[in-house]
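# Structural overview
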Amino acid sequence: QQPVQSPQAVILREGEDAVINCSSSKALYSVHWYRQKHGEAPVFLMILLKGGEQKGHDKISASFNEKKQQSSLYLTASQLSYSGTYFCGTEVRGSARQLTFGSGTQLTVLP
Amino acid sequence: DSGVTQTPKHLITATGQRVTLRCSPRSGDLSVYWYQQSLDQGLQFLIQYYNGEERAKGNILERFSAQQFPDLHSELNLSSLELGDSALYFCASSDQTINEQFFGPGTRLTVL
């Protein structure tokens with residue numbers, strides 16, 4: 001079953017912060033985050049493996065609440081280059097490492 | 001550059017035809033995944049291969065088939081094409097330890 005992402009779209013000004021959420025009804029083994037620019041391939045951002053784990057990549061970080069099967073992606077001090085569609089991919093234990101992707105959150109950063 | 005290559009980049013064909021999409025994974029990656037992305041849609045998992053064997057199947061139509069060869073490259077075969085098959089087809093590879101998936105540039109299929 002596909003994870004649910006929210007919001008569907010968000011528009012920011014450069015320097016503002018954003019949070020993208022991803023929730024699943026299944027017990028998750030890991031959560032992956034990708035960014036895709038229009039017409040290009042998705043690019044890996046980070047993976048979260050354990051409950052409560054938080055990771056960071058420059059000004060982008062994420063958390064994973066294993067009890068709630070929820071993950072959040074935090075973008076701080078947004079830059080124009082952050083624009084794109086963000087997908088979470090969830091991996092269920094025993095799924096042969098298969099990822100199920102959410103429908104995506106379209107992020108637009110304006111100058 | 002992810003290290004995953006896909007050919008061709010673009011493919012235009014007619015309904016009822018058959019096409020083959022090719023993917024070469026990153027050096028050392030044993031797993032290959034195929035995804036379909038329709039216009040402004042999410043990524044739909046089609047099928048996964050690991051070291052030549054089918055590992056998992058997703059929403060793959062019976063008209064579609066895939067295989068992974070001994071040199072680890074993979075091919076996705078689409079037959080009896082319909083207008084609705086027009087989409088971006090991505091291949092991704094991973095090393096199966098962390099399962100960080102690296103995506104190829106995709107093949108844009110247009111069925112007329």
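Residues numbered from 1 in each chain as written. Chains lettered and ligands numbered in written order. Predicted model: local features only at pLDDT ≥ 70, side-chain atom pairs only at ≥ 80, totals over all residues. Heavy atoms only, no water.

### Structural notes on the overall build of chain B
- Helix and strand content of chain B: 0 helices and 11 strands.
- Its C-alpha atoms give chain B a radius of gyration of 13 Å, within 12% of the compact-globule value 13 Å for 112 residues.
- Of all 112 residues assigned to chain B, the portion counted as buried reaches 50%.
- Averaging the locations of the 8 positively and 12 negatively charged side chains of chain B gives two centres separated by 4 Å. (Helix = DSSP H or I, 4+ residues; strand = E, 2+ residues; numbered from the N terminus. Rg over C-alpha atoms; globule rule 2.2 N^0.38 Å. Buried < 20%, exposed > 50% of the residue type's maximum accessible area, 1.4 Å probe, protein only. Lys, Arg positive; Asp, Glu negative; His and termini not counted. Charge placed at Lys NZ, Arg CZ, Asp CG, Glu CD.)

### Quick notes on the state of the cysteines
All names here are of chain A.
- Per the stated rule, a full pass over the model turns up 2 disulfides over all chains.
- Here Cys-22 connects covalently by a disulfide to Cys-88, the sulfurs 2.1 Å from one another. Across the disulfide from Cys-22 to Cys-88, rotation about the S-S bond amounts to roughly 70°, and the bridge is consequently right-handed. Here Cys-88 lies in strand E9 (residues 84-92) and Cys-22 lies in strand E3 (residues 18-23), a separation of 66 residues in the sequence.
- The exposure class of Cys-22 is buried, given its relative accessible area of 3%. (Disulfide = S-S within 2.5 Å.)

### With respect to the interface of chain B and chain A
- Of the residues lining the interface, 24 residues belong to chain B; the matching set on chain A comes to 19 residues.
- Buried surface at the junction of chain B and chain A, both sides included, amounts to about 1,600 Å², of which 57% is carbon and sulfur.
- For chain B, the biggest contributors to the area lost against chain A are Leu43(B), Asn99(B) and Phe103(B); these three give 28% of the whole.
- Where chain B packs against chain A, one counts 0 salt bridges.
- At the junction of chain B and chain A, the tally comes to 2 residue pairs in polar contact (both at pLDDT 80 or more).
- For the side of chain B that touches chain A, a count of residues per class yields 9 nonpolar, 10 polar and 5 charged. (Contact = heavy atoms within 4.5 Å. Buried area = accessible area lost by both parts, 1.4 Å probe. Salt bridge = Lys/Arg side-chain N within 4 Å of Asp/Glu carboxyl O. Polar contact = N/O pair within 3.5 Å; in protein donor to acceptor, adjacent residues only side chain to side chain. Nonpolar A, V, L, I, M, F, W, Y, C, P; charged D, E, K, R; others polar.)

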